[in-house]
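# Remarks on the overall topology
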Amino acid sequence: MERSVLDSLGLEIVGVMSPVSICMLFVVLLVSGFTPPTTSADHSSSAQVTAATLVYQESPSDPPSQKLAGAILNAAVFVALVAVVTFVLVVLYYYNYTGFLKAYMRFSAFFVLASMGGSILFSLLRRLSLPIDAPSAILLLLNFSAIGVLSVFSPAVPIVLRQSYMVALAIIVAAWFTKLPEWTTWTLLLALAAYDLVAVLCPRGPLRILVDLASSRDEDLPALVYEARPTVANPPSSSSPFPAASVELQPQTLHSNPNPDHTPDPDANPSPSRSSSISNHADHSVLEIDSIAEETHPLVPTEASRSLPESSRSNRTSSEDLEEMFDTTRGIRLGLGDFVFYSVLVGRAAMYDLMTVYACYLAIISGLGCTLILLSVYRHALPALPISITMGVIFYFLTRLLMEPFVVGTSTSLLMF
Amino acid sequence: MTVAAGIGYALIALGPALSIFVSVIARKPFLVLTVLSSTLFWLVSLIVLSGAWRWFLPVKSTASWPYVVLLVTSVGFQEVVRLVFWKLYKKLEEMLDAFADRTSKPRLFLTDKLLIALAGGLGHGVAHAIFFCLSLLTPAFGRATYYVERCSNMPFFLISAIISLGFSIIHTFSMVIAFNGYAEGRKSDQIFVPVIHIIAAIMTLINLVPSGCVVGVPLLGFSTAVTLQYCWVMVLRRLRDNHGRQTNN
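Bear in mind the structure is a predicted one, so any value in this text is a computation, not a measurement.

## Here we look at the pattern of salt bridges
When the charged atoms of two side chains with opposite charge come close together, those side chains can pair. Under the criterion given, the structure shown has 8 salt bridges over all chains. Linking A:Glu182 and A:Arg400 is a salt bridge whose minimum nitrogen-to-oxygen distance equals 3.5 Å. Of this pair, A:Glu182 sits in helix 7 (residues 182–201) while A:Arg400 sits in helix 16 (residues 385–412), and the two are 218 residues apart along the sequence. Three or more residues joined by partner-sharing salt bridges are found here, namely B:Asp97, B:Asp101 and B:Arg107.

Right under this line is the structure:
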């Protein structure tokens, strides 16, 4: 029997949507697992000053107008920080400091995985009261982070591992972001969506410059980007990683020297990749390997960790704005920042109710779908945040204000339709 | 009652939908997208409905007629939404066929059409189960459970899970019936769907009577079974027709 049209259609879209869904799922689980023990009172008392709450520290007793003004100020400051960091990155990339960028991103990936991931791990252990001794916990954590750093930057790692570490990074950062106070979260999300729109679509927007620069140099985008493979299409958690991984591994060792990343010289990277991509144009799986080899993805964590050292945990956000999607022969790529902020929205919704979670999830995914459709029309990098975040926020409030009383009312009287 | 109970309730409501998803839908990415968009569609329709009813709720009087009006308007609106969904699907089908012609692949098979209808219905069913049952399940994961006064025989979560199970099956397969009815122009199929929907909704009205759920829930199960049987007979007939036509050619 012949294969029908349906069999392969939409593979790329699902390849992007499933990791996003997995990321959101884990963030929601984390949030709903942690929120019950810490009541809202604890929250405000333990609130630390982060980059996103530099100006105004929200407390539940403030009047709404003050909260709103403070939250808008917070968001403005945060977006300004993000813009500055992105600008610095663009400058560094423009002057070919790719070696520095790469090292920086390694450091920041390690930082995120080890310290932030570690603290999440420990609170998880405490919450589930799992007995584990300190040395083995630390050993496990360090190993986990080390493999993470390797998998993010080294070409010799199976793509599935790399994809799962991308999702893990996004989960960790998003879980931290959900600790922001409520009003600040909402204004921050909206502000970042607007910033994303400007930065990607304006002719002089920093992300636009970055993307143009990368494509003119025939390199990959120097940022943490999730790649959905068109041919292999193994979402990070999919069950059959091995055949795909092995397929990619081999060409990679064949064509490019095992660790192009380690060469600090920026010029060294493009050349092996280009030659290899030419040589094996035929099979797609190979194409992407080269891209991995280059220092492409590192951008995102970088920015984050820059601002980190001081007081702020939340700065990593900044990194994420680089997320645009961009469709080349390699399929769709989605910035890690999109993952993070989608999950932040869903995680915030999870603090209210499960119903808002589902509504926001559907809204975000459909917004992502719309963006992907636009992408296939316009064929250049598009911001992935604006449509999804707007729809998510709208659906959150619609669900909370309109739908919940209705649904709870009817279904507690056991009426359904 | 703990996590196990919560997961159990969730699986009662969503188990069949989950197995359909894993065994049929998840293999074809396009069907996954269909499920998602149909879920969104249903959610939007629910939001519109609740926006319209927001100002009349909660019903103060003890009379049951406001509930009857609510159910009838809701079901009517959802059937209208189904028609809109069908119109959109028609457009999509044309696009897919055009795409198939362009890439010189065969056009949609009958089974493809049925699968798309199934995915669309599954989206509606899943959305129903999620919003009417799953989203209220959070307390079931804790240590306590909850009984409603009108139906003290079973925990509230169990009843709502069973009702959701019925409705998600009805939604799933009535979409198949409806799409087929529209495509073939068979009036009986087209009428069967709203009728079974409204009947099932009215069965839940029996739950308003004290201990009414003892009667209402089995009746709902019965109408679910009728839907399944009808869908089965219809699909079998279509497949046979189709097969016969192919062999004749």
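Now that the structure has been shown, the text picks up again.
## Concerning the environment of B:Ile163
The residue B:Ile163 is located in helix 5 (residues 156–184) in this model. Note on B:Ile163: relative accessible area 1%, which makes it buried. Note: C-alpha distance between B:Ile163 and B:Leu220 (57 residues apart in sequence) is 7.4 Å. What B:Ile163 contacts, discounting residues up to four positions off in sequence, is A:Leu414, A:Met416, B:Thr204, B:Asn207, B:Val217 and B:Leu220.

## Section: the UniProt feature "transmembrane region" (unreviewed entry) in chain B
Residue and element names in this part refer to chain B. Using the residue numbers shown here, the UniProt feature "transmembrane region" (unreviewed entry) corresponds to residues 6–25, 30–53, 65–85, 114–137, 157–179, 191–209 and 215–236. Here residues 114–137 is 79% helix and 0% strand, with 32 Å between the C-alpha atoms at its ends. A helix fraction of 100% and a strand fraction of 0% characterise residues 215–236, whose end C-alpha atoms lie 32 Å from each other.

## A look at a nonpolar patch on the surface
All names here are of chain A. On the surface, a nonpolar cluster with roughly 820 Å² of combined accessible area is contributed by Val84, Phe87, Val88, Val91, Tyr94, Tyr95, Tyr97 and Phe100. Take the nonpolar patch: its biggest share by element is 5 residues, from helix 3 (residues 64–94). Topologically, Val91 is positioned in helix 3. With a relative accessible area of 31%, Val91 lands in the partly exposed category.

## Overview of the packing of helix 5 of chain B against helix 6 (residues 187–205) of chain B
Residues and elements named next belong to chain B. Viewed as axis vectors pointing N to C, helix 5 and helix 6 meet at an angle of 165°, and their least axial separation amounts to 7 Å. With respect to helix 6, the element helix 5 is oriented roughly antiparallel. In terms of crossing hand, the pair formed by helix 5 and helix 6 is left-handed. Facing helix 5, whose interface residues are Ile163, Phe167, Ile170, His171, Ser174, Ile177, Ala178, Asn180, Gly181, Tyr182 and Glu184, helix 6 presents Asp189, Gln190, Phe192, Val193, Ile196, His197, Ala200, Ala201 and Thr204. Tallied by class, the residues present in the contact of helix 5 with helix 6 amount to 11 nonpolar, 7 polar and 2 charged.

## Considerations on helix 16 of chain A
At A:Met403, helix 16 of chain A shows its maximal kink, close to 50°; a proline, A:Pro405, follows between one and four residues later. Phi for A:Leu414, located one or two positions after helix 16 of chain A, is positive at around 60°.

## So, the UniProt feature "transmembrane region" (unreviewed entry) in chain A
Residue and element names in this part refer to chain A. Listed under "transmembrane region" (unreviewed entry) in the UniProt record, and renumbered for this structure, are residues 12–34, 71–95, 107–125, 137–153, 358–378 and 384–403. Helix makes up 100% of residues 358–378 and strand 0%, with an end-to-end C-alpha separation of 30 Å. Helix makes up 95% of residues 384–403 and strand 0%, whereas the separation of the span's terminal C-alpha atoms amounts to 27 Å.

## Details of the interface of chain B and chain A
In this complex, chain B contributes 58 residues to the contact, which on the side of chain A involves 42 residues. Of the roughly 4400 Å² buried between chain B and chain A on both sides combined, carbon and sulfur atoms contribute 81%. Our count for the chain B to chain A interface comes out at 0 salt bridges. Our enumeration of links across chain B and chain A arrives at 1 residue pair in polar contact (both at pLDDT 80 or more). Sorting the residues of the side of chain B that touches chain A by element identifies helix 2 (29–53), helix 3 (65–102), helix 4 (110–132), helix 5 and helix 6 of chain B as the ones contributing at least two each. At 16 residues, the largest contribution of residues to the side of chain B that touches chain A is made by helix 2 of chain B. Residues belonging to the side of chain B that touches chain A are distributed by class as follows: 39 nonpolar, 14 polar and 5 charged.

## A closer look at the packing of helix 15 (residues 354–378) of chain A against helix 16 of chain A
Residues and elements named next belong to chain A. Orientation of helix 15 relative to helix 16, taken along the N-to-C sense of each, is 150°, at an axis distance of 8 Å. Accordingly, the angle class assigned to the pair helix 15 and helix 16 is roughly antiparallel. Relative to helix 16, helix 15 is oriented so that their crossing is right-handed. Packed against helix 15, whose contacting residues are Met355, Thr356, Ala359, Cys360, Ala363, Ile364, Ser366, Gly367, Leu368, Cys370, Thr371 and Leu374, the element helix 16 presents Ile387, Ser388, Met391, Gly392, Phe395, Tyr396, Thr399, Arg400, Met403, Glu404, Val407 and Val408 at the interface.

## Topic: the packing of aromatic side chains
The final tally for this structure, using the stated rule, is 23 aromatic pairs over all chains. Measuring from ring centre to ring centre gives 5.4 Å for A:Trp186 and A:Phe397, while their planes differ by 55°; the resulting arrangement is tilted. Remark: A:Phe397 occurs in helix 16 and A:Trp186 occurs in helix 7; sequence separation between them is 211 residues. The class of A:Trp186 is buried, set by a relative accessible area of 8%. Taking 5.1 Å as the distance between ring centres and 70° as the angle between the ring planes, the aromatic pair formed by B:Trp86 and B:Phe179 counts as edge-to-face. Here B:Trp86, found in helix 3, pairs with B:Phe179, found in helix 5; they are 93 residues apart in sequence, far enough to count as distant. Accessibility expressed as a relative area gives 9% for B:Trp86, which makes it buried. On the basis of relative accessible area, B:Phe179 is assigned to the buried category, the value being 4%. Put simply, the rings of B:Phe41, B:Phe85, B:Trp86, B:Tyr89, B:Phe179 and B:Tyr182 touch in pairs and so form one group of aromatic residues. Across from the ring centre of A:Trp176, 4.3 Å away, lies the NZ or CZ of A:Lys179, which sits over that ring.

Calculation criteria
Residues numbered from 1 in each chain as written. Chains lettered and ligands numbered in written order. Predicted model: local features only at pLDDT ≥ 70, side-chain atom pairs only at ≥ 80, totals over all residues. Heavy atoms only, no water. Salt bridge = Lys/Arg side-chain N within 4 Å of Asp/Glu carboxyl O. Helix = DSSP H or I, 4+ residues; strand = E, 2+ residues; numbered from the N terminus. Buried < 20%, exposed > 50% of the residue type's maximum accessible area, 1.4 Å probe, protein only. Contact = heavy atoms within 4.5 Å. UniProt positions renumbered as here; feature names shortened; annotations may be inferred. Patch = residues over 30% accessible without salt bridge, like charges linked within 9 Å, V, L, I, M, F, W, Y side chains within 5 Å. Areas by Shrake-Rupley, 256 points an atom, 1.4 Å probe, with all protein chains shown as cover. Axes fitted to C-alpha atoms, helices over the stretch in contact; angles between N-to-C directions. Parallel < 35°, antiparallel > 145°, perpendicular 65-115°, else oblique. Left-handed = near helix turned anticlockwise from the far one by under 90°. Nonpolar A, V, L, I, M, F, W, Y, C, P; charged D, E, K, R; others polar. Bend = angle between axes of the 7 residues up to and from the residue. Buried area = accessible area lost by both parts, 1.4 Å probe. Polar contact = N/O pair within 3.5 Å; in protein donor to acceptor, adjacent residues only side chain to side chain. Phe/Tyr/Trp six-rings, centres within 6.5 Å; stacked < 30°, edge-to-face > 60°. Lys NZ or Arg CZ within 6 Å of the ring centre and 35° of its normal.

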